[in-house]
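So the chains spell out like this:
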Amino acid sequence: RHLMKKDKHLIGGKSDPYAVLAIGEKKISFKDRYAESTVDPEWNYVADFPVEEVAGLDLKLEFFDYDAGSEDDFLGRTAISVESALEGHVKERWIRLDDAKHGEIQLSMLWKIVVPASIGGDPFDCCVVAFYVDYGRNLSSGKSSAPYSKVELSMSTPVSEKVSTTPLSRKESIKWIPSSKYEAYTTKPRGPSEDPVFQEGHFFLSRNPSSDSIAVQVVDHRSGFVLGSTYIKINYIIGLPDKQFSQMEWKLKNSVHPDATIVLSAKLYAVI
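## Quick notes on the pattern of salt bridges
Here comes step 1: Summed over all chains, the structure comprises 6 salt bridges.
Here comes step 2: The closest approach of N and O atoms between Asp-72 and Lys-31, which form a salt bridge, is 3.2 Å. Of this pair, Asp-72 sits in the loop between β3 (58-65) and β4 (73-81) while Lys-31 sits in the loop between β2 (26-29) and β3; the two residues are 41 residues apart in sequence, bridging distant segments of the chain.
Here comes step 3: Arg-190 serves as the salt-bridge partner of Glu-200, at 2.9 Å between the closest nitrogen and oxygen. Of this pair, Glu-200 sits in strand β11 (residues 197-206) while Arg-190 sits in the loop between β10 (184-186) and β11, and the two are 10 residues apart along the sequence.
Here comes step 4: Classification of Glu-200 as buried rests on a relative accessible area of 11%.
Here comes step 5: For Arg-190, a relative accessible area of 26% corresponds to the partly exposed category.
Here comes step 6: Among the ionic contacts, a cluster of salt bridges with common partners joins Glu-62, Arg-77 and Asp-99.

As structure tokens, this is what we get:
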């Protein structure tokens, strides 16, 4: 409420505010769901952050005024410790924005516990996927030099009537619409090598385990050329005896080399 007015060319002055949230290296931007022409937005944004250790971690929030065709204007920032969510002390709390003449935001935080899905019971409506990229084999760009490969991971949600890819007006923004672009991770480039070792992982939250997939795309960092891709259905992991797999080799589609593969590990955790 009472955010700064940045679009002063409009009668009375307004803003098109949106939020960017971050914990550690994970950042979620709601730029494509800005609220139109208001300084008292009703966003009802929902974001999930899988966290292993809470000590010293803050939820950082920054706010901007969306401007088509120019750099977005800064509206303020704030931060709140993750430990306060663990203690259950954050519910519909108003917080004054820093580095702003005026403006407040209201938020709630909820801490949920996860346990290995093998002991969490079936079925479950929500789960955390611990996904690990081990190494690649026969990754070729078709050129004389070996590629610098990176692996792009994303949570893929089937398109349905509940999923939107277009910006929402302020009136529509009361609905939470999941977007796969909010859940993505890219490894560091490795190479030059056709058999790179990555040894990097990421946690993904799946709200629809029966239909969600992890999309895996291997890309040449220098050229942007896609070296291959594959999908791993969450439902496949659910069907495994311990709801996990270790160093499993997956054949890459649309690759130059017919034997291009990526070796992956994954484990499911149930949210309780």
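## Section: the packing of aromatic side chains
Here comes step 1: One pass over the structure, following the stated rule, counts 9 aromatic pairs.
Here comes step 2: Pairing Trp-43 with Phe-63 gives two aromatic rings, centres 5.5 Å apart and planes at 15°, and the pair type is stacked. Of this pair, Trp-43 sits in the loop between β2 and β3 while Phe-63 sits in strand β3; the two residues are 20 residues apart in sequence, bridging distant segments of the chain.
Here comes step 3: Residue class for Phe-63 comes out buried when judged on its relative accessible area of 2%.
Here comes step 4: Three or more aromatic residues joined by ring pairs form one cluster here, namely Phe-30, Trp-43, Tyr-45 and Phe-63.
Here comes step 5: A cation sits over an aromatic face here: Lys-26 above Phe-49, 5.4 Å from the ring centre.

## As for the layout of surface pockets
By rolling a water-sized probe across the atoms, one finds the places where empty space is left.
Here comes step 1: What the largest pocket holds in volume is close to 1500 Å³.
Here comes step 2: For the largest pocket, the lining is made up of 42 residues, of which Ala-47, Asp-48, Ser-108, Met-109 and Leu-110 are closest to its centre.
Here comes step 3: Of all the secondary-structure elements, those providing two or more residues to the lining of the largest pocket are β1 (17-23), β3, α1 (82-86), β6 (104-107), β11 and β15 (261-271).
Here comes step 4: The element that contributes the greatest number of residues to the lining of the largest pocket is β6, accounting for 4 residues.
Here comes step 5: Of the residues belonging to the lining of the largest pocket, the class tally is 31 nonpolar, 3 polar and 8 charged.
Here comes step 6: No other element matches the 3 residues that β11 contributes to the lining of the second largest pocket.
Here comes step 7: Broken down by class, the residue content of the lining of the second largest pocket amounts to 9 nonpolar, 3 polar and 5 charged.

## Thoughts on the confidence of the model for the protein chain
The predicted coordinates should not be examined in detail at positions where pLDDT is low.
Here comes step 1: Mean pLDDT over the protein chain stands at 86; residues scoring 70 or higher make up 86%.
Here comes step 2: Ranking the helices and strands of the protein chain by mean pLDDT puts strand β14 (residues 244-251) first, with 97, and helix α2 (residues 117-120) last, with 80.
Here comes step 3: A low-confidence stretch, residues 159-182 stays under pLDDT 50, and its non-local contacts, those more than four residues away or across chains, total 45 contacts.

## Side note on the sheet that holds strand β13 (residues 226-233)
Here comes step 1: With respect to topology, 4 strands assemble into an open sheet ordered β10-β9-β12-β13, the strand pairing being antiparallel. A strand with exactly one partner marks an edge of an open sheet, and here the two such strands are β10 and β13. Between one strand axis and the next, the sheet turns by 15° as a mean value, whatever way the strands run.

## Re the sheet that holds β2
Here comes step 1: The 4 strands are arranged β2-β1-β3-β4 in an open sheet whose pairing can be described as antiparallel. Edge positions in the sheet fall to β2 and β4, since each has one partner strand and no second. Shown here is a sheet whose adjacent strand axes are inclined to one another by a mean of 15°, direction ignored.

## A closer look at the state of the cysteines
Here comes step 1: This model, assessed by the stated rule, comprises 0 disulfides.
Here comes step 2: As a non-bridged cysteine, Cys-126 has Cys-127 as the owner of its nearest cysteine sulfur, 6.6 Å distant.
Here comes step 3: We classify Cys-127 as buried; its relative accessible area is 0%.

## Some thoughts on the environment of Asp-99
Here comes step 1: Assignment of secondary structure puts Asp-99 in the loop between β5 (93-96) and β6.
Here comes step 2: Considered as a pair, Asp-99 and Phe-74 are 25 residues apart in the sequence and their alpha carbons are 9.1 Å apart.
Here comes step 3: Not counting chain neighbours up to four residues away, the residues in contact with Asp-99 comprise Phe-74, Gly-76 and Arg-77.
Here comes step 4: Of the polar contacts made by the side chain of Asp-99, one reaches the side chain of Arg-77; its length is 2.6 Å.

Conventions adopted
Residues numbered from 1 in each chain as written. Predicted model: local features only at pLDDT ≥ 70, side-chain atom pairs only at ≥ 80, totals over all residues. Heavy atoms only, no water. Salt bridge = Lys/Arg side-chain N within 4 Å of Asp/Glu carboxyl O. Helix = DSSP H or I, 4+ residues; strand = E, 2+ residues; numbered from the N terminus. Buried < 20%, exposed > 50% of the residue type's maximum accessible area, 1.4 Å probe, protein only. Phe/Tyr/Trp six-rings, centres within 6.5 Å; stacked < 30°, edge-to-face > 60°. Lys NZ or Arg CZ within 6 Å of the ring centre and 35° of its normal. 1 Å grid on protein atoms, 1.4 Å probe; cavity = no way out; pocket = protein on both sides within 12 Å on 5 of 7 lines; lining within 4 Å. Points joined across faces, edges and corners; volume = space filled by probe spheres on them. Nonpolar A, V, L, I, M, F, W, Y, C, P; charged D, E, K, R; others polar. pLDDT = per-residue confidence, 0-100. Contact = heavy atoms within 4.5 Å. Pairing = 2+ DSSP bridges. Axes fitted to C-alpha atoms, helices over the stretch in contact; angles between N-to-C directions. Disulfide = S-S within 2.5 Å. Polar contact = N/O pair within 3.5 Å; in protein donor to acceptor, adjacent residues only side chain to side chain.

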